Amino acid sequence: MLITSETQLTVRYSETDQMGIVHHGNYAQYLELARIDWLSRLGISYKSMEENGIMLPVFTLDLKFKKSAFFDDELTVKTLLKKIPTAKIVFEYEIFNRNQELLTIASTTLVFVDSKTRKPIPCPSFLLEKIKKY
């Protein structure tokens with residue numbers, strides 16, 4: 001495992017369905033928050049990357065639900081980077097509730113893309129340098 005971060009969030013009422021359970025569509029947002037937090041902890045601004053012509057669209061998203069999350073649950077999203085990125089970067093996630101029960105296992109693959117050409121590019125050197133420090 002290369003780099004791990006933990007992001008805390010609280011489930012809002014609007015993120016739940018009529019059964020009081022977090023709607024599955026919200027998990028993509030939770031993972032996005034965790035990725036942006038992961039980059040920030042590494043000292044990299046996602047906004048700055050975009051301003052410099054680097055986009056990072058999601059290529060794949062995989063979710064496995066073990067237990068439900070509910071309104072007002074305090075969640076911890078553990079984000080893991082297990083290998084050096086190339087033209088793509090793969091994150092793995094584990095989402096836990098306040099009782100440390102594993103609720104969800106997920107992964108995303110994102111591709112580095114030049115915002116002008118919309119074509120894949122290699123992982124930027126500034127990101128590789130930060131990752132290699134770990």
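This text follows the structure it describes.
These notes cover the structure that comes with them. (Residues numbered from 1 in each chain as written. Predicted model: local features only at pLDDT ≥ 70, side-chain atom pairs only at ≥ 80, totals over all residues. Heavy atoms only, no water.)

Observations concerning the pairing of strand β1 (residues 3–10)
Consecutive side chains along a regular strand alternate between the two faces of the sheet.
Stage number 1. Residue alternation in β1 divides its side chains into a buried set, Ile3, Ser5, Thr7 and Leu9, and an unburied set, Thr4, Glu6, Gln8 and Thr10.
Stage number 2. One ladder, built from 8 bridges, connects β1 with strand β4 (residues 74–81); its direction is antiparallel. Among the inter-strand pairings, threonine 10 is bridged to a residue of β4, identified as glutamate 74. (Buried < 20%, exposed > 50% of the residue type's maximum accessible area, 1.4 Å probe, protein only. Helix = DSSP H or I, 4+ residues; strand = E, 2+ residues; numbered from the N terminus. Pairing = 2+ DSSP bridges.)

Notes on the pattern of salt bridges
Stage number 1. Under the counting rule described, the total for this entry stands at 6 salt bridges.
Stage number 2. The shortest N-O distance in the salt bridge between aspartate 62 and lysine 64 comes to 2.7 Å.
Stage number 3. What makes aspartate 62 partly exposed here is its relative accessible area of 33%.
Stage number 4. According to the relative accessible area criterion, lysine 64 is partly exposed, its value standing at 43%.
Stage number 5. A salt bridge links lysine 67 to glutamate 101, with the nearest nitrogen and oxygen atoms 2.9 Å apart. (Salt bridge = Lys/Arg side-chain N within 4 Å of Asp/Glu carboxyl O.)

All quantities given are derived from atomic positions and should not be read as evidence of function.
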